[in-house]
Protein chains: 2
Amino acid sequence: MSTDAPRPPLSRRRLLGAAGAGGAAGLALGAGGYALVGQRSAPAAAAAPALGAASVPFHGPHQAGIVEPMQSALHATAFDLTPGTGRPGLTALMKRWSAAAAAMAEGRTPPGLSDDQVALDAGPSSLTVTFGFGAPVFAKAGLTAQQPDRLAPLPAFPEDRLDRARSDGDLWVQVCADDPLVAFHAMRTLQRLAAGQAAPRWQMTGFSRAPGATARPMTGRNLMGQIDGTNNPKPSDADFASRVFVPAAPASGQPAWMAGGSYAVFRRIRMLLDTWDLQSREVQERTIGRRKGDGAPLSGGTETTPVDLAKQNPDGSLAVPGDAHVRVAAPASNQGAAMLRRGYSYHDGLRPDGSPDAGLLFVCFQADPLTGFVPVQRKLARGDALSRFVVHESSGLYAVPGGAPAGGYVGQALLESA
Amino acid sequence: MSTDAPRPPLSRRRLLGAAGAGGAAGLALGAGGYALVGQRSAPAAAAAPALGAASVPFHGPHQAGIVEPMQSALHATAFDLTPGTGRPGLTALMKRWSAAAAAMAEGRTPPGLSDDQVALDAGPSSLTVTFGFGAPVFAKAGLTAQQPDRLAPLPAFPEDRLDRARSDGDLWVQVCADDPLVAFHAMRTLQRLAAGQAAPRWQMTGFSRAPGATARPMTGRNLMGQIDGTNNPKPSDADFASRVFVPAAPASGQPAWMAGGSYAVFRRIRMLLDTWDLQSREVQERTIGRRKGDGAPLSGGTETTPVDLAKQNPDGSLAVPGDAHVRVAAPASNQGAAMLRRGYSYHDGLRPDGSPDAGLLFVCFQADPLTGFVPVQRKLARGDALSRFVVHESSGLYAVPGGAPAGGYVGQALLESA
């Protein structure tokens, strides 16, 4: 594996385009699951070093940007349809967006945008684009019969302080790449292609670790300094697919067009860092339930040791406190509920009161939000020691259709349904 | 050179800490100029891959973060002294800040902050911290006699739309690193250490290309898609040091404490991307004076070919239009004025009118702003075709003292002057 950046063998479809004129071999990494054919990156990316040349195919049974290892840069945008955009307009938009995303994922210029030169020297940089449908889009496109009941509004959590202008939206677009300019450019390109049919409602920028900065690629550190994401479901888990992706109808109890899809919850969670930083390390670790340095649970072991919720200290107290974040959020505390988290940090400078406008752009994917995010968040909102240090500022729930086959587009099964 | 990221042989003092217990050799790159002894990175960084383990020493004749190749992440913060902080308080702060910056540059925990664990798994990631003094700090610290006349307010440029709340400031801190979390954490650490003596006035976050994304490390692309920075002075230029750094007094005509220092101009320049993106590629290229794809001047050649301002098209018109940005900004058009630019892109989401809050965090260093930035910007404000597509939203000018020797602190020569 001749990449500059150490990457875990997680991705089932990450391909490395061979740099250089003669190289034609794409290298499919990891074990099966997807039956995708390797494709080499487009010649335009040939000059890019390995990080830039790495590519993730757009087409496949699931959308890209869900199971792949996190890239280092995120742009998340919600769009609202412009008045008059019905099902035909939405269909045209999803076709255009899909074609552009597929091209950019290969480092090619999107169809019809000949002025586009950004990718020339950086390649696709593992760009992924993930599309989701918010609840309001179904009525606007005359598709209410196809609206999943899982898209019902999330319950109001007692400590939420949601800004509706930065929540929700008809469409949700997650753009991730290992180069921030490639990510920005892809987001702008999609926005330009939406002109006349949809306009941005809100837009947020996030970051993760730089590839090669740390040997810990699976689990990042958040802005509180805590290792975050250890307990994520892993593709090697037997029930991974069933937790993350919607199975085929009718067994799923969901609309047929959602087969292979997922549900995304996106939340802007501001961290009260000025308060957090005043806490001792011991208080911080008891709040989370893990050691700050290496992420090991307070019940012992290393980062990847399962949390032992029953473990007691010599004095009989719980090793992982009763209100520790990892306890309250643990699948064992929530009837096995699990979601695939893929969150990014954000920092947008200072708020008017001088405190940092910084925190977590929380992203999670699950087959069913009613058994994934909702019960966990309900419990967290009640009993999580961490909730004293965070404010949920925005929230969105989106139906993420399955992936598009070559020649198809995302949302096709919905938009071409009877 | 066993780094993950391709880096130009520019830095005279970038060191690669040897990972692993036995490795003790630091590798000093590039040709002389600085007489620095290689130091290996601290053990805490030993687990970090090469990108994370790379370090830039804090101590030296000049501050770090000026001549080094740009890292991928920037946090810029201006601080105002809190009322009552005079010279003793400022001196204590600069000592604390310098000690913390020196430690973090080696991947060590800053003195007195035992709860600090962020660098443990990422190393210093080429962290640099650069401190500057704004004009108001001299009166507040009782040092008006030492205030350089070069710190007089910049002239008002006709098209400036400056927000003073996001301009100026008593102190300016530029934090750069190749890992965004390392950069954020360093910025937060310095902010914590300032508590009681200085409070943030404004804070901005920028990004550049990811190391390894492109083979073009010296010149980035900005959010307009244009290659930017080609004409920067290069350390190999005979007059590089005299353009960037203040010589010793009295020859400099500047206060003695500024020897080895520089002046930084920092401007937030918003790009009118919605308008820019509507222009044809030809218009965009004639606005800049370079080809968008490869950065070659419209007078021909490749990116690094000098711009031929006299070159004519077959029809007798100028190959590089009269109002092209590269012509108006060229040293040849400004009595040889040159500054070392080190700008970052920013994207802070949408503005209230739906347009992107995105552009360039312009940073430039020069020995004398009156012969560097000022005449160039005066000319740009009058005749630059690019000015139709940008808005200067904030501005700051800071005196950047020389570097601190080991055991010293930045600003020592000023703060301990008679």
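Conventions and cut-offs
Residues numbered from 1 in each chain as written. Chains lettered and ligands numbered in written order. Predicted model: local features only at pLDDT ≥ 70, side-chain atom pairs only at ≥ 80, totals over all residues. Heavy atoms only, no water. UniProt positions renumbered as here; feature names shortened; annotations may be inferred. Helix = DSSP H or I, 4+ residues; strand = E, 2+ residues; numbered from the N terminus. Core = buried A, V, L, I, M, F, W, Y, C linked by side-chain atoms within 4.5 Å. Buried < 20%, exposed > 50% of the residue type's maximum accessible area, 1.4 Å probe, protein only. Contact = heavy atoms within 4.5 Å. Domains from an automatic or database assignment. Buried area = accessible area lost by both parts, 1.4 Å probe. Salt bridge = Lys/Arg side-chain N within 4 Å of Asp/Glu carboxyl O. Polar contact = N/O pair within 3.5 Å; in protein donor to acceptor, adjacent residues only side chain to side chain. Nonpolar A, V, L, I, M, F, W, Y, C, P; charged D, E, K, R; others polar. Axes fitted to C-alpha atoms, helices over the stretch in contact; angles between N-to-C directions. Parallel < 35°, antiparallel > 145°, perpendicular 65-115°, else oblique. Left-handed = near helix turned anticlockwise from the far one by under 90°.

**Q** I keep staring at the UniProt feature "domain: Dyp-type peroxidase C-terminal" (unreviewed entry) in chain A and nothing clicks. Help me out?
**A** This chain's UniProt record puts "domain: Dyp-type peroxidase C-terminal" (unreviewed entry) on residues 220-403 of chain A. Each end of residues 220-403 of chain A is marked by a C-alpha atom, and these two atoms are 27 Å apart; helix forms 18% of the span and strand 24%.

**Q** How should I be thinking about the nonpolar core in this particular structure?
**A** In globular proteins that are soluble, nonpolar side chains generally tend to be buried together. The biggest cluster of nonpolar side chains holds 162 residues, and the ones touching the most others in it are Trp97(A), Leu171(A), Trp97(B) and Leu171(B). Apart from residues no more than four positions distant in its own chain, Leu171(B) is found in contact with Thr77(B), Ala78(B), Phe79(B), Leu81(B), Leu90(B), Leu93(B), Trp97(B), Gly132(B), Phe133(B), Gly134(B), Val137(B) and Ala198(B).

**Q** When you look at the domain arrangement of chain A in this model, what are you seeing that I'm missing?
**A** By a widely used convention, the size of an interface equals the accessible area lost when the partners come together. Residues and elements named next belong to chain A. Taken domain by domain, chain A holds domain 1 (12-261 + 403-415) and domain 2 (273-396). Listed by partner, the interface residues are 54 residues for domain 1 and 52 residues for domain 2. Carbon and sulfur atoms supply 57% of the area that domain 1 and domain 2 bury against each other, a total of about 4400 Å² over both sides. For the pair domain 1 and domain 2, the number of links is 3 salt bridges. Where Arg-341 meets Asp-228, a salt bridge forms, and the shortest distance between an N and an O atom there is 3.4 Å. Seen at the junction of domain 1 and domain 2, the total is 22 residue pairs in polar contact (both at pLDDT 80 or more). Contributing elements (two or more residues each) for the side of domain 1 that touches domain 2: β4 (73-81), β6 (171-177), β7 (198-207), β9 (227-228) and α5 (240-244). Among the residues making up the side of domain 1 that touches domain 2, the classes are represented as 23 nonpolar, 18 polar and 13 charged.

**Q** What exactly am I supposed to notice about the interface of chain B and chain A here?
**A** If you look at the interface, chain B gives 60 residues, while chain A gives 60 residues. Between chain B and chain A the total buried area reaches about 4600 Å² when both faces are included, carbon and sulfur atoms providing 53% of it. Three residues stand out in chain B for area buried against chain A, namely Asp121(B), Leu181(B) and His347(B), and they jointly supply 13% of the buried area on that side. For the pair chain B and chain A, the number of links is 6 salt bridges. Two residues, Arg188(A) and Asp274(B), come together in a salt bridge whose shortest N-O distance is 3.0 Å. Remark: the boundary between chain B and chain A carries 20 residue pairs in polar contact (both at pLDDT 80 or more). Secondary-structure elements contributing two or more residues to the side of chain B that touches chain A are α1 (50-53), α4 (180-194), β6 (198-207), α6 (273-276), α7 (281-288), β11 (344-350) and β12 (356-366) of chain B. With 8 residues, α4(B) is the single largest residue contributor to the side of chain B that touches chain A.

**Q** I keep staring at unusual backbone geometry and nothing clicks. Help me out?
**A** With glycine set apart, most residues show a phi of negative sign, and most peptide bonds adopt trans. Residues and elements named next belong to chain A. The omega torsion across Ala-249 and Pro-250 is 0°, close enough to zero to call that bond cis. Inspection of the secondary structure assignment puts Pro-250 in the loop between α5 and β10 (262-271). Despite not being glycine, Ser-126 has its phi angle at roughly 60°, a positive value. As for its placement among the helices and strands, Ser-126 is situated in the loop between α2 (87-105) and β5 (128-133). Given a relative accessible area of 1%, Ser-126 falls into the buried group.

**Q** Explanation requested: the packing of helix α2 (residues 87-105) of chain B against α4(B) in the structure shown.
**A** Any two packed helices are characterised by how steeply their axes cross, that is the angle between the axes, and by the distance between the axes. Residues and elements named next belong to chain B. Put simply, α2 and α4 touch, their axes get as near as 10 Å, and they point 155° apart. Taken together, the axes of α2 and α4 are roughly antiparallel relative to one another. Our pair here, α2 against α4, has a crossing hand that is right-handed. Of α4, the residues touching α2 (which contributes Leu-93, Arg-96, Trp-97, Ala-100 and Met-104) are His-185, Ala-186, Thr-189, Leu-190, Leu-193 and Ala-194. When grouped by side-chain class, the residues that make up the contact of α2 with α4 number 8 nonpolar, 2 polar and 1 charged.

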